[in-house]
Amino acid sequence: MSAINNSQHHVVLFPFMSKGHTIPLLHLSRLLLRRRIAVTIFTTPANRPFIANSLRENSSFSIIDIPFPENIPEIPPGIESTDKLPSISLFPQFALSTKNMQPDFESELERLPRVDFMVSDGFLWWTLDSANKFGFPRLVFFGMSTYSPCVTRAAFEDKLLFGPESDTDPMTLTRFPWIQVIKRDFDPLATDPETLAEFNMLSIGSLLKSYGVIMNTFYELEPVFVDDYNSRHGEPKGWCVGPLCLADDGPEKPNKPNWILDWLDQKPEQGRSVLYIAFGSQAEISTDQIKEIAIGLEKSGVDFLWVIRKSEAELGEGFEERVKGRGIVVRDWVNQREILEHQSVQGFLSHCGWNSVLESLCAGVPILAWPMMAEQPLNAKLVVEEIKVGLRVDNTTSEGFVKWERLEKMVKELMEGDRGKKVRENVKVIADIAKKAMEENSGSSWKTLDLLIQEICDRPNKGTEVLN
């Protein structure tokens with residue numbers, strides 16, 4: 001611990017057990033380390049290797065793993081990440097069980113040098129009690145846009161989510177009159193008060209009592225919504241310190257499949273551009289829908305790189321042979337940012353998870369939005385309607401099933417059409433603004449993080465406050 005003792009400040013990071021939640025906090029750790037701040041990251045034994053492999057060797061950070069709870073109903077033994085759950089429907093049991101980690105967490109905190117502040121995931125609500133007990137402030141990390149919580153709150157204020165309207169009836173928001181929403185734009189956790197009510201109440205109640213909220217966004221991307229978020233008197237301030245993916249200067253990941261880059265390298269010489277396709281690790285896509293996607297891609301004539309989970313491998317007989325040369329299917333981990341930044345990649349068919357949206361924006365790649373779950377429909381609305389850097393794959397039935405004809409049409413429009421050309425121009429502008437926001441000493445997000453550190457570390461009652 002001598003390196004931590006020799007650092008001027010010390011910060012604890014505690015990501016939720018999911019790669020999509022962990023990666024942005026690892027990026028934040030790099031920004032803190034560049035400021036000569038010591039960082040301690042808490043995780044579980046099964047998640048430790050991923051974190052250790054993701055961070056550059058640095059004497060000012062340490063990893064502490066604490067046991068993940070055992071004997072959780074319906075959760076198979078040995079699963080310590082939502083990415084490994086048999087079904088995302090088991091999320092409530094998984095998330096609520098993390099409370100059992102609190103005694104071990106506090107035992108480790110007792111051994112640490114003085115902590116200036118902690119950033120913990122919004123799903124780890126109970127860490128606020130620990131921070132209060134040890135006398136340091138807790139900041140909440142929520143890996144989403146500012147647009148999403150602002151629009152959700154506006155819909156709640158208008159009592160739109162529990163009315164008689166159908167799931168597809170458009171409703172105008174009083175607070176943002178240019179925005180129309182439908183019930184299907186919102187996570188079922190928001191529209192069904194019985195679903196995950198306990199977890200929502202715990203997470204939101206903890207957030208409202210925390211010092212502040214770390215936002216993985218940049219002010220210039222959504223100024224109206226950042227201002228709205230911070231106009232709520234008496235609530236924790238949101239601090240825009242992103243896009244955090246631009247802080248990723250770590251080493252290349254091991255076992256990188258170079259053959260993918262070799263394949264992409266050939267495309268400019270052929271005068272071809274590539275559509276990248278990935279739907280994240282959490283969405284559950286039916287075999288019928290996978291086959292429909294395959295037909296749409298084959299019919300489109302577009303070159304594509306499709307990353308698919310092994311469990312979704314039923315693509316239809318002979319598909320890969322028929323598209324050989326212009327399309328490849330990858331059933332392995334890929335470095336998504338590296339692919340998006342390749343010059344031949346000119347479109348991204350995406351579920352609109354917030355990390356993927358930011359990576360696409362920063363690479364200057366337009367998005368064909370196909371939201372699947374959680375706040376992804378609202379991310380898609382931001383992408384398509386607010387910042388106009390993408391198009392939408394419209395769901396054609398109430399069950400959300402998309403026919404191949406629709407997919408073929410929208411793929412061709414993004415890659416070859418006039419609307420695709422326009423959003424491609426728009427996203428290049430956004431990419432430049434994003435990079436400027438993260439510039440050292442001058443960028444808006446860089447300066448915001450500096451202000452946050454200064455405000456917390458120079459507070460007069462440091463080490464004694466307890467938030468109630």
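Just so it is clear, the model here is predicted, and its values are computed rather than measured.

When its secondary structure is counted, the chain shows 19 helices and 15 strands. Each of the 468 residues in the chain was classed as buried or not, and the buried ones make up 55%. Long-range pairs, those at least 24 residues apart, make up 67% of the contacts in the chain between residues at least 6 apart in sequence. Approximately 20500 Å² of the chain is accessible, and the part contributed by carbon and sulfur atoms is 50%.

A word on the sheet that holds strand S15 (residues 390-392). If you walk across this open sheet you meet the 6 strands as S12-S11-S10-S13-S14-S15, and the pairing is parallel. Looking at the sheet topology across the chains shown, the edges are occupied by strand S12 (327-330) and S15. The average angle at which neighbouring strand axes cross in this sheet is 20°, direction not considered. Here helix H12 (residues 287-300) sits on the sheet and contacts strand S10 (274-278) and strand S11 (303-307); the angle it forms with S11, its principal contact strand, is near 160°.

With respect to the element layout, leucine 315 can be found in the loop between S11 and helix H13 (319-322). A C-alpha to C-alpha distance of 6.1 Å links leucine 315 and alanine 294, two positions 21 residues apart in sequence. Ignoring any residue separated from it by four or fewer positions in sequence, one finds leucine 315 in contact with Ile290, Lys291, Ala294, Trp306, Ile308, Glu320, Val329 and Arg331.

Bringing unusual backbone geometry into the picture now. Among all residues except glycine, the phi angle is most often negative; among peptide bonds, the trans geometry is most common. Looking along the chain, the bond that leaves glycine 242 and enters proline 243 is cis, with omega of 0°. Relative to the elements of secondary structure, proline 243 occurs in the loop between strand S9 (237-240) and helix H11 (258-270). Positive phi, close to 60°, is recorded for asparagine 71, a residue that is not glycine. Assignment of secondary structure puts asparagine 71 in the loop between strand S3 (61-65) and helix H4 (91-97).

Moving on: the side chain of aspartate 116. Position of aspartate 116 relative to the elements: it lies in the loop between helix H5 (102-111) and strand S4 (117-121). Polar side-chain contacts of aspartate 116 include one of 2.8 Å to the backbone nitrogen of histidine 10. A polar contact of 2.7 Å, which involves the side chain of aspartate 116, links it to the side chain of arginine 114.

The next subject is the nonpolar core. Across soluble globular proteins, nonpolar side chains have a tendency to be buried as a group. Counting 72 residues, the largest nonpolar core has Phe14, Phe42 and Leu173 as its most contacted members. Among the domains, domain 1 (9-248 + 440-458) and domain 2 (258-433) are the pair contributing at least three residues each to this core. When neighbours within four sequence positions are excluded, phenylalanine 14 is seen to be in contact with Leu25, Phe42, Ile66, Met101, Phe105, Val119, Ser120, Asp121, Leu124, Trp126 and Thr127. Counting residues in each nonpolar core, the second largest holds 31 residues, with Ile37, Phe61, Trp446 and Leu449 among its members.

Turning our attention to the pattern of salt bridges. This structure, assessed with the given rule, holds 17 salt bridges. Ionic pairing is found between aspartate 303 and arginine 272, a salt bridge with its closest N-O pair at 2.6 Å. Remark: arginine 272 occurs in the loop between H11 and S10 and aspartate 303 occurs in strand S11; sequence separation between them is 31 residues. Judged by relative accessible area, which is 35%, arginine 272 ranks as partly exposed. Salt bridges linked by common partners bring Glu157, Arg175, Asp228 and Arg232 together as one network.

Among the 10 residues that make up helix H15 (residues 354-363), 8 are buried, leaving the element largely enclosed by the rest of the structure. For H15, the full list of buried residues reads Trp354, Ser356, Val357, Leu358, Glu359, Ser360, Leu361 and Cys362. Structurally, H15 contributes buried residues whose contacts are with helix H14 (336-340), strand S13 (345-350), strand S14 (367-369), helix H16 (376-386) and helix H18 (418-437). Just past H15, the residue glycine 364 takes up positive phi, approximately 70°.

The final tally for this structure, using the stated rule, is 3 cavities of 30 Å³ or more. Its boundaries defined by the atoms lining it, the largest cavity holds a volume of some 80 Å³. Contributing to the lining of the largest cavity are Pro15, Phe16, Met17, Ser18, Lys19, Thr22, Thr43, Asn47, Phe50, Ile51, Ser81 and Asp83. Listed by contribution, the elements that provide at least two residues to the lining of the largest cavity are helix H2 (19-34) and helix H3 (48-54). For the lining of the largest cavity, the class distribution of residues is 5 nonpolar, 5 polar and 2 charged.

Let us now look at the sheet that holds S9. Pairing is parallel in the open sheet, where 7 strands are placed in the order S3-S2-S1-S4-S5-S8-S9. Where the open sheet ends on each side, the last strands, each with one partner, are S3 and S9. The mean inter-strand angle of the sheet, taken between neighbouring strand axes irrespective of direction, is 25°. Looking at chain direction, strand S2 (residues 37-43) and S3 are connected through 5 bridges and run parallel. In the strand pairing of S3, isoleucine 41 is matched with isoleucine 63. Running over the sheet, H2 touches strand S1 (9-14), S2, S3, S4 and strand S5 (138-142) and is turned about 160° from S2.

The buried fraction of S2 amounts to 7 of the 7 residues, a majority that puts the element mostly inside the structure. The side-chain alternation of S2 yields two buried faces, one formed by Ile37, Val39, Ile41 and Thr43 and the other by Ala38, Thr40 and Phe42. Sheet analysis places S1 next to S2, joined by 5 bridges and oriented parallel. Note that in S2 the partner of leucine 13 across the bridge is isoleucine 41. Remark: the S1/H2/S2 crossover connection has right-handed handedness.

Contact geometry of helix H17 (residues 404-416) with H18 gives a least axis separation of 5 Å together with a crossing angle of 55°. Regarding the angle of H17 to H18, the classification is oblique. Here H17 runs over H18; the crossing is right-handed. For the pair formed by H17 and H18, the contact residues are Met410, Glu413, Leu414, Met415 and Glu416 on the first element and Asp418, Arg419, Gly420, Val423 and Arg424 on the second. Taken together, the residues that form the contact of H17 with H18 break down as 4 nonpolar, 1 polar and 5 charged.

The rules behind each value
- Here the residue numbers are simple positions, counted from 1 along each chain's written sequence.
- Two thresholds apply to this predicted model, a pLDDT of at least 70 for residue-level local features and 80 or more for giving and counting side-chain atom pairs, whereas whole-chain, interface and lining totals are computed over all residues.
- Only heavy atoms go into the side-chain values, all of them from the structure, while hydrogens and water stay out.
- Strands are runs of DSSP state E lasting at least two residues, helices are runs of H or I lasting at least four, and both sets are numbered from the N terminus onward.
- Residue exposure (1.4 Å probe, protein chains only): buried if accessible area is under 20% of the type maximum, exposed if over 50%, otherwise partly exposed.
- Only heavy atoms enter the contact rule, under which two residues are in contact if any of them lie within 4.5 Å.
- To measure how exposed things are, a 1.4 Å probe is used in the Shrake-Rupley method; for residues, cover is taken only from the protein chains shown.
- Here a strand pair is declared whenever DSSP counts at least two bridges between the two strands.
- Between N-to-C directions, angles cover 0 to 180 degrees, with each direction set by a line fitted to C-alpha atoms, over the stretch in contact for helices.
- Polar contact is defined as a pair of N or O atoms within 3.5 Å, subject to the rule that within protein one atom must be able to donate a hydrogen and the other to accept it, and that residues adjacent in sequence are counted only when both atoms are side-chain atoms.
- Buried residues of nine kinds, namely Ala, Val, Leu, Ile, Met, Phe, Trp, Tyr and Cys, make up a nonpolar core once their side-chain atoms join them within 4.5 Å.
- Here the limits of each domain have been adopted from an automatic or database domain assignment.
- Any carboxyl oxygen of Asp or Glu that lies within 4 Å of a side-chain nitrogen of Lys or Arg is treated as forming a salt bridge with it.
- Whether a set of points on the 1 Å grid over the protein atoms alone is a cavity depends on a 1.4 Å probe fitting there but being unable to get out, while an open set qualifies as a pocket with protein on both sides within 12 Å along at least five of seven lines; lining residues are those with an atom within 4 Å of a point.
- Grid points are joined across faces, edges and corners, and a volume is the space filled by probe spheres set on the points.
- Any residue that is not Ala, Val, Leu, Ile, Met, Phe, Trp, Tyr, Cys, Pro, Asp, Glu, Lys or Arg is counted as polar, Gly included; the first ten are nonpolar and the last four charged.
- Clockwise travel from the first strand over the helix to the second, with the strands pointing away from the viewer, marks a crossover as right-handed.
- Roughly parallel refers to an angle under 35 degrees, roughly antiparallel to one over 145, roughly perpendicular to one between 65 and 115, and oblique to any angle outside these ranges.
- Helix crossings are classified by the rotation of the near helix relative to the far one: an anticlockwise turn of less than a right angle makes the crossing left-handed, while a clockwise turn makes it right-handed.

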